Each structure stands twice: as structure tokens, then as C-alpha cells.
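# Overview (structure and organization)
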Amino acid sequence: GNSVTQMEGPVTLSEEAFLTINCTYTATGYPSLFWYVQYPGEGLQLLLKATKADDKGSNKGFEATYRKETTSFHLEKGSVQVSDSAVYFCALRDTGTASKLTFGTGTRLQVTL
Amino acid sequence: NAGVTQTPKFQVLKTGQSMTLQCAQDMNHNSMYWYRQDPGMGLRLIYYSASEGTTDKGEVPNGYNVSRLNKREFSLRLESAAPSQTSVYFCASSPEATGRNYGYTFGSGTRLTVV
């Protein structure tokens, strides 16, 4: 079956540091890959996505590249801000009937001044 | 645009009580989903509705029922609440069930405590 593995958190960084959150996946088909962000007390919001190999998704300074050869979709940001503190979820959606999003367990990011 | 609206936002129930969580979307999406979120366990799918008139079980359906009332609305019912159902519940929608390129749009959640 499909699965998504994320690095354990929490990740604690100082403001302006470089961020990497690792995500690897297992899929039976040819999935699309997503990153969602959840701010405290809110629902999940789509941050970025990539639908085929070597695609790069980007939004709000965050980037992730779909690497089929390593089955990875790592999230990066060059300079984090305190306002980026949130939980980040990697997810995949595979082909097939009634395909559904499969989520990782989430990685909490805490950015301090 | 409201997107996905969930009510109520907070609820405290006593063990054995029943309640219905409401969800409505205004994006003309075909597919709707109910998840629960527990610490350290990510999101787990309870039930989903691929299209109006259909519902199917997800990973953790025991203790829950759902109704796809129309294309806009998808409700989740707890018939006899248990402390193990204390969680944050999220409703989500997607344009279609089979479109792998589409993500989901989530509501802001219902925080349920069963005492």
C-alpha cells in the first residue's frame, strides 16, 4: 500500500536559518505529492504540490522537488521566520479509482528569534 | 469564499451522548472526507464520500456514521460517544474522487472532548 514517512519533530530553528524537512514515500502507482501546513488552532492548508517527476513545487519561499529515483519530496526554505512555526504534513495522492490523500504524521517546526 | 465550513468548533460530550458534526462546502466539489487528528498519529480517514449518494469506510470507521445529505453537505454522527473519540475532527473536500492532481480543501476543525 501507499505510505509517507516524515522526519520526527520538533524541528527548532533560529530565525533566518535554512530549513529542510525530509519526506519519503512508497506508492504502487504514479502519485502526485503535496505539502500541507497547519498553523496552531487551524485546519490544514495546501502549501505546494508536484504532479510528476522532477517537478518543483513552490510557494511563500518554500520549495520541494519530486525525486522519483529516491522517492522523496523534501521541503526546503532558505530563511525561516517566526511566522513559519507550524506543523507540516507531506502527502501523496495516487492514481486509481477513489484515490485518496495519504498523509505523513507531520513535523512540528518551531522558529525562535 | 467560505470554502469548507464545520460546526461546531468546540464540543464537550458526556460518555454515551450522541452528536452530529456538520460540514458544508461551497466549491461544487464532488468528494468529501472526514478525518480525525490525534497527537503523534497524524490524520486518519474515518469515512469519505466519492460523490453525492455514496459513502465508504476509511481507516477508523468504528463508532461513527455519516450522511451525504446533498452535494454540499457531509455530516459525521457519533451515536454513543466514548472517551477514545476525543480528538480534533476535520472535514475536507476535493473536486473529484479520482483526480490525483487535486489536493483537498480542509475546514478549520471541530475540537471534541468526551468526558
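Residues numbered from 1 in each chain as written. Chains lettered and ligands numbered in written order. Predicted model: local features only at pLDDT ≥ 70, side-chain atom pairs only at ≥ 80, totals over all residues. Heavy atoms only, no water.

## Some words on the overall build of chain B
Within chain B, the secondary structure is distributed over 0 helices and 11 strands. Going residue by residue from the N terminus, the α and β elements of chain B occur as β-β-β-β-β-β-β-β-β-β-β. With respect to the principal axes defined by its C-alpha atoms, chain B has extents near 40 × 25 × 25 Å. Counting over 115 residues, chain B shows a buried share of 49%. For chain B, contacts bridging at least 24 residues in sequence account for 55% of all contacts bridging at least 6. Split by element, the accessible area of chain B, about 5200 Å² in all, is 48% carbon and sulfur. Averaged over its 11 positive side-chain charges, chain B has a centre that lies 6 Å from the centre of its 8 negative ones. (Helix = DSSP H or I, 4+ residues; strand = E, 2+ residues; numbered from the N terminus. Buried < 20%, exposed > 50% of the residue type's maximum accessible area, 1.4 Å probe, protein only. Contact = heavy atoms within 4.5 Å. Areas by Shrake-Rupley, 256 points an atom, 1.4 Å probe, with all protein chains shown as cover. Lys, Arg positive; Asp, Glu negative; His and termini not counted. Charge placed at Lys NZ, Arg CZ, Asp CG, Glu CD.)

## A closer look at the overall build of chain A
Counting its secondary structure elements, chain A contains 0 helices and 12 strands. Ordered by position from N to C terminus, the α and β elements of chain A give β-β-β-β-β-β-β-β-β-β-β-β. Computed over the C-alpha atoms, the radius of gyration of chain A is 14 Å, within 12% of the 13 Å expected from 2.2 N^0.38 for a compact globule of 113 residues. The principal-axis extents of the C-alpha atoms in chain A amount to approximately 45 × 30 × 20 Å. In chain A, which comprises 113 residues, the proportion classed as buried is 46%. Pairs at least 24 apart in sequence give 55% of the contacts found in chain A among residues at least 6 apart. Surface exposure of chain A reaches about 5200 Å², of which carbon and sulfur atoms provide 47%. In chain A, the 10 positive side-chain charges and the 11 negative ones have mean positions that sit 8 Å from each other. (Rg over C-alpha atoms; globule rule 2.2 N^0.38 Å.)

## Some remarks on the interface of chain A and chain B
On the chain B side, the residues contacting the 25 residues of chain A number 24 residues. Both sides of the chain A and chain B interface together cover about 1800 Å² of buried area, and 53% of this is carbon and sulfur. Summed over the three residues of chain A that lose the most area to chain B, namely Leu44(A), Arg93(A) and Lys100(A), the buried surface amounts to 30% of that side. Viewed at the interface, chain B and chain A are joined by 0 salt bridges. At the junction of chain A and chain B, the tally comes to 7 residue pairs in polar contact (both at pLDDT 80 or more). For the side of chain A that touches chain B, the secondary structure elements donating two or more residues are β5 (32–38), β6 (44–50), β10 (86–93) and β11 (101–103) of chain A. Class assignment for the residues of the side of chain A that touches chain B results in 9 nonpolar, 11 polar and 5 charged. (Buried area = accessible area lost by both parts, 1.4 Å probe. Salt bridge = Lys/Arg side-chain N within 4 Å of Asp/Glu carboxyl O. Polar contact = N/O pair within 3.5 Å; in protein donor to acceptor, adjacent residues only side chain to side chain. Nonpolar A, V, L, I, M, F, W, Y, C, P; charged D, E, K, R; others polar.)

## Points about the state of the cysteines
Using the criterion set out here, one finds 2 disulfides over all chains in the structure. Shown here is the disulfide that connects Cys23(A) with Cys90(A), its sulfur atoms set 2.0 Å apart. Negative torsions about the S-S bond denote left-handed disulfides, and the value of about -70° found for Cys23(A) with Cys90(A) makes this one left-handed. Note that Cys23(A) is positioned in strand β4 (residues 23–26) and Cys90(A) in strand β10, a separation of 67 residues in sequence. Under the relative-accessibility criterion, Cys23(A) is labelled buried at 0%. Disulfide pairing places Cys23(B) opposite Cys91(B) at an S-S distance of 1.9 Å. The chirality of the disulfide connecting Cys23(B) with Cys91(B) is left-handed, given an S-S dihedral of about -75°. (Disulfide = S-S within 2.5 Å.)

## Considerations on the confidence of the model for chain B
Any segment with low pLDDT has predicted coordinates that should not be analysed in fine detail. In the predicted model, chain B carries a mean pLDDT of 93, and the fraction of residues at 70 or more is 99%. Ranking the helices and strands of chain B by mean pLDDT puts strand β8 (residues 74–78) of chain B first, with 98, and strand β5 (residues 42–49) of chain B last, with 92. (pLDDT = per-residue confidence, 0-100.)

## With respect to the packing of aromatic side chains
The description of two aromatic rings rests on the distance between their centres and on the angle between their planes. Tallied over the full model, the rule gives 16 aromatic pairs over all chains. Plain terms: the ring middles of Phe34(A) and Tyr36(A) are 6.4 Å apart, the flat faces sit at 35° to each other, and that makes the pair tilted. Accessibility assignment for this pair places Phe34(A) and Tyr36(A) in one class, buried. Following the ring pairs from residue to residue traces out a cluster consisting of Phe34(A), Tyr36(A), Phe89(A), Phe103(A), Tyr33(B), Tyr35(B), Tyr48(B), Phe90(B), Tyr104(B) and Phe106(B). The side chain of Lys68(A) reaches across the aromatic face of Tyr30(A), ending 5.8 Å from its centre. (Phe/Tyr/Trp six-rings, centres within 6.5 Å; stacked < 30°, edge-to-face > 60°. Lys NZ or Arg CZ within 6 Å of the ring centre and 35° of its normal.)

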